[in-house]
Structures are given as C-alpha cells and as structure tokens.
Amino acid sequence: MLDIIKSKINDSISAKKALLDDEVLLNEFNALIDACLASLKQGGKVIFCGNGGSFADAQHLSAEFTARFEKERRSLPSLALGTNSSTLSAIGNDYGFEYIFSRELDSIATDKDVFIAISTSGNSTNVVEAVKVANEKGIKTWGWTGKGAGKMGSLCATIQIPSNNTARIQECHILLGHILCGQVEERYFS
C-alpha cells in the first residue's frame, strides 16, 4: 500500500516539476497576475468559474480574494459564477445547463474585469460558452486547462498544465491559484 501512496505523490511531484520547467506557461501566468492587479486597481473584479472540482477551486480562490489569503487587508472584489443556486437552477431550467455561466457572466461582468475559466479538458460546454461571452464583452480571459487546452485553446489565453491526468491538473491549478492570490495580495497592498 505504501508503494501506491508513494507512486501517487511522485506523480504529483512530476507534474509540478513539468510546470516549473515550462517557461511559456510561467510567462503567461505572470501576465495573468499583472492583469488581475491592473483590473483591481481600475475598479474591476476577478471572476472564476468551473465544474465539479474546478467549481470548488473557483469558489476557494474567489474566497481568498474577498476574505484574505496570507495577510490582514481589505477585501478584493471577486466572485465565482454559479454560486447563487436560484440563478443556477433558473438558467439551467430555462436555457440549458450549457448557459449557466455565460448568462450570469453577461449580467455582471465589465471590460474592467478578469475572467478565469477552469476546465481540465478545456472542453466543458458551459465554461466555453462563458468564454465566448467574455470575448464579446472585451473581458480579459484566461482558461486554466490541461495539456492541449481543448476548445478553450482557440478562444482565450490559456494556462495549460503539462498533464493529461485530471487529478494532477487540479493539483497544479490550486497551486497556481494560491500563487496568484499571494502575488496579487502582496503587490496590491505594498
């Protein structure tokens, strides 16, 4: 049993090592940090969305902005799409599940905002539809995906984790999410 546990930990370390060695990805990620800072300084907000585990990550990272991450400071404007269950169920019922994020994004987002769309495959229809709306509204958008970026790769800038394993991709997404929150917090309030 210990061999299996050690193997999974090594797989995670390998994915993070590949992430560490990907200069293109790290430069794109740095551009995202800069965009979030610029957005917040001009009165914008950071908006997240995702499905399943990525939905949980979207809520988690948004909370790090609005509550705090590592230091006491004022709240930063952020939200995760789909967290209002009445809105989610109304849009899903009236328009279809594929529009649960795009309709909400259309109603609340402006071109001052940054949108982070999380989908390990890059192909989640409801996330892709939200990216399309973000593009129509001129919102700076990054897709967080796995290797290849799926459909989102042709629609927005992407942070493509160099893995095809969903668990490893999600582990890297939350690592980058914590780095994003920490860097924005540190640089915004310094």
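This is a predicted model, so every value here is computed, not measured. Each chain carries its own residue numbering, running from 1 in the direction its sequence is written. Thresholds applied to this predicted model are a pLDDT of at least 70 for local features of residues and 80 or more for the giving and counting of side-chain atom pairs; totals over whole chains, interfaces and linings are not thresholded and use all residues. Excluded from the side-chain calculations are hydrogens and water; all other atoms, namely the structure's heavy atoms, are used.

Novice: Would you mind going over the sheet that holds strand β2 (residues 78-80) with me for this structure?
Specialist: Strand pairing within a sheet occurs via backbone hydrogen bonds; the two strands may be parallel or antiparallel. Pairing between two strands is assigned when DSSP locates at least 2 bridges connecting them. The way it works is that DSSP assigns letters per residue, a run of H or I at least four long becomes a helix, a run of E at least two long becomes a strand, and they are numbered from the N terminus. Strand order in the open sheet formed by 5 strands is β2-β1-β3-β4-β5, with parallel pairing between adjacent strands. Unpaired on one side and paired on the other, β2 and β5 (157-160) mark the two borders of the sheet. Within the sheet, the average angular offset between the axes of one strand and its neighbour, ignoring direction, is 20°. With 3 bridges connecting them, strand β1 (residues 46-49) and β2 associate as parallel partners. Across the sheet, Phe48 pairs through a bridge with Ala80, a residue of β2. Contacts are assigned to residue pairs that have any heavy atoms within 4.5 Å of one another. Between N-to-C directions, angles cover 0 to 180 degrees, with each direction set by a line fitted to C-alpha atoms, over the stretch in contact for helices. Sheet contacts for helix α7 (residues 166-188): β1, β3 (114-118), β4 (140-145) and β5; angle to β4, the most-contacted strand, approximately 140°.

Novice: For this particular structure, what's the right way to read the nonpolar core?
Specialist: General note: in soluble globular proteins, nonpolar side chains tend to be found buried as a group. In plain words, nonpolar cores are sets of buried Ala, Val, Leu, Ile, Met, Phe, Trp, Tyr and Cys residues tied together by side-chain atoms within 4.5 Å. Residue burial is assigned from relative accessible area. The probe radius is 1.4 Å, only protein chains are included, and a residue is buried under 20% of its type maximum, exposed over 50%, and partly exposed in between. If you look at the biggest cluster of nonpolar residues, it comprises 33 residues, and the most contacted ones within it are Leu32, Phe48, Phe65, Ile116, Trp144, Leu180 and Val184. Sorting the residues of this core by element identifies α1 (2-21), α2 (23-41), β1, α3 (53-66), β3, β4 and α7 as the ones contributing at least two each. Apart from residues no more than four positions distant in its own chain, Phe48 is found in contact with Ala58, Leu61, Ser62, Phe65, Ser78, Leu79, Ala80, Leu81, Phe115, Ile116, Ile118 and Leu180. By size, the runner-up hydrophobic cluster in this structure holds 19 residues, among which are Ile100, Val127, Ile139 and Cys156.

Novice: How should I be thinking about the side chain of Thr141 in this particular structure?
Specialist: Relative to the assigned elements, Thr141 resides in strand β4. With a relative accessible area of 8%, Thr141 lands in the buried category. Separated by 3.0 Å, the side chain of Thr141 and the backbone oxygen of Ile139 make a polar contact. Not counting the four nearest positions on each side in its chain, Thr141 is found in contact with Phe115, Val131, Ala134, Cys156 and Ala157. Here a polar contact is recorded for every N or O atom pair within 3.5 Å, except that within protein the pair must consist of a potential hydrogen donor and a potential acceptor, and residues adjacent in sequence are included only if both atoms are side-chain atoms.

Novice: Would you mind showing me how to read α2 here?
Specialist: An α-helix turns once every 3.6 residues. As a result, residues three or four positions apart point the same way. Taking 1.5 Å of rise per residue, the 19 residues of α2 would be expected to cover 27 Å, and the 27 Å separating its terminal C-alpha atoms lies within 8% of that figure. Inspection of α2 places Leu25, Phe29, Leu32, Ile33, Ala35, Cys36, Leu37, Ser39 and Leu40 among the buried residues, and these make up the whole buried set. The backbone nitrogen of Val24 lies 3.3 Å from a side-chain oxygen of the residue at the head of α2, namely Asp22. Of the residues flanking the end of α2, it is Gly43, one or two places downstream, whose phi is positive at about 90°. Expected span of a helix: the number of residues minus one, times 1.5 Å.

Novice: Mind showing me how you'd approach the environment of Ile9 here?
Specialist: Relative to the helices and strands, Ile9 resides in helix α1. Linking Ile9 and Arg168, residues 159 residues apart in sequence, is a C-alpha distance of 9.9 Å.

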